[in-house]
Amino acid sequence: MMSVRSSRSAGAIGFGVDYWQEVYGTPGHVDGYGNAAHHAAYLKALFDLDMAPVCSVADLGFGLGRMLQSVCLAFHPERVLGIEPSVHAFDQLTAEELHTQSDQVCLLNTDLLSWCRRENDAFTFFDLGICSSVWQYLSDAELVEVVPVLARRFRWLYLTVPTEQEYDLMAAQTGFV
């Protein structure tokens, strides 16, 4: 049974359509989008090398869904969660586009802090968490609250954050602040 739930939180509302069109209008340069298949292949090779099974995956801010799609193709997880606070981005991805045989797929229109504050359920604990270009939007107080929760909910967390140079480039190119 496929489970797709949508819930809006009182937390971050994400970015509007203008942001997604401007930043992702030429997506080849966006880390985790233009090179999502490379990230997934790297992760698959790493876990295969360590003979570590990955049966469940969560993407904590899936954006337009390219990284989550690539990771699902690489791992064929039994359980999948994707969260995304931006309504525009959230509406771009359907569970069917994840190309997984799993009938346990949950997509939530919510932010990371609100998800961390949720009660535990079937979509709480995972082998692999993907968190790509999300942390830079959290305040120090939010990070203090989120980090221990993620440490409990994931066996492994693949975390990427833009470098200072990437962040400066984004600001110069798009007025990003």
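Please refer to the structure placed before this passage.
Predicted model only: the values in this text are computed from it and were never measured.

**Student:** Honestly, the overall build of the protein chain in this entry has me stumped. Any pointers?
**Tutor:** Summing up its helical and strand segments, the protein chain has seven helices and five strands in all. When each of the 177 residues of the protein chain is scored for burial, the buried share is 47%. Summarising the internal contacts of the protein chain: among those between residues at least 6 apart in sequence, 76% fall at separations of at least 24. As displayed, the protein chain has an accessible area near 9200 Å², and 56% of this comes from carbon and sulfur atoms.

**Student:** Sorry if this is basic, but what is going on with the sheet that holds strand β1 (residues 56-60) here?
**Tutor:** Sheets are built from strands that pair by backbone hydrogen bonding, the pairs being arranged parallel or antiparallel. In spatial order, the strands read β3-β2-β1-β4-β5; together these five strands make up an open sheet with parallel pairing. Sheet topology places β3 (104-108) and β5 (154-160) at the edges, where each strand pairs with a single neighbour. With strand direction ignored, the average angle separating the axes of adjacent strands in the sheet is 10°. Inspection of the sheet shows strand β4 (residues 126-132) paired to β5 by six bridges, in the parallel sense. Looking across to β5, one finds that C131 is bridged to L159. Of the strands in this sheet, β4 and β5 touch helix α2 (residues 36-49), which is tilted by about 145° from β5. Where helix α6 (residues 140-153) meets the sheet, its contacts fall on β1, β4 and β5, and the angle it forms with β5 comes to roughly 130°.

**Student:** What exactly am I supposed to notice about the packing of aromatic side chains here?
**Tutor:** The way to describe two aromatic rings as a pair is by their centre distance and the angle between their planes. For the structure shown, the criterion picks out six aromatic pairs. Ring geometry for F126 and F154: centres 6.0 Å apart, planes at 25°, overall stacked. Of the two residues, F126 is situated in strand β4 and F154 in strand β5; the sequence distance between them amounts to 28 residues. With a relative accessible area of 3%, F126 lands in the buried category. Here the aromatic cluster, defined as three or more aromatic residues joined through ring pairs, consists of F47, F75 and W156. Positioned over the ring face of F126 is R79, at 4.6 Å from the centre of the ring. The ring of W115 has R153 sitting right over it, with the charged end atom 4.6 Å from the ring centre.

**Student:** I would appreciate a short explanation of the pattern of salt bridges in the present structure.
**Tutor:** For side chains bearing opposite charge, pairing can occur when the charged atoms are close. Taken as a whole and assessed by the stated rule, the structure comprises four salt bridges. Put simply, D127 and R155 hold a salt bridge, and the shortest N to O gap is 3.4 Å. Here D127, found in strand β4, pairs with R155, found in strand β5; they are 28 residues apart in sequence, far enough to count as distant. On the accessibility criterion, D127 (11% relative accessible area) is buried.

**Student:** Looking at this structure, how should I read the packing of α2 against helix α3 (residues 66-75)?
**Tutor:** If you want to describe how two helices pack, look at the angle between their axes and the distance between the axes. Interaxial distance between α2 and α3 falls to 8 Å at its minimum, and their mutual angle equals 35°. α2 and α3 meet at a crossing whose hand is right-handed. Here A36, A37, H39, A40, L43, K44 and F47 of α2 come into contact with α3, specifically with R66, M67, S70, V71, A74 and F75. When its residues are assigned to classes, the contact of α2 with α3 shows nine nonpolar, two polar and two charged.

About the thresholds
Residues numbered from 1 in each chain as written. Predicted model: local features only at pLDDT ≥ 70, side-chain atom pairs only at ≥ 80, totals over all residues. Heavy atoms only, no water. Helix = DSSP H or I, 4+ residues; strand = E, 2+ residues; numbered from the N terminus. Buried < 20%, exposed > 50% of the residue type's maximum accessible area, 1.4 Å probe, protein only. Contact = heavy atoms within 4.5 Å. Areas by Shrake-Rupley, 256 points an atom, 1.4 Å probe, with all protein chains shown as cover. Pairing = 2+ DSSP bridges. Axes fitted to C-alpha atoms, helices over the stretch in contact; angles between N-to-C directions. Phe/Tyr/Trp six-rings, centres within 6.5 Å; stacked < 30°, edge-to-face > 60°. Lys NZ or Arg CZ within 6 Å of the ring centre and 35° of its normal. Salt bridge = Lys/Arg side-chain N within 4 Å of Asp/Glu carboxyl O. Left-handed = near helix turned anticlockwise from the far one by under 90°. Nonpolar A, V, L, I, M, F, W, Y, C, P; charged D, E, K, R; others polar.

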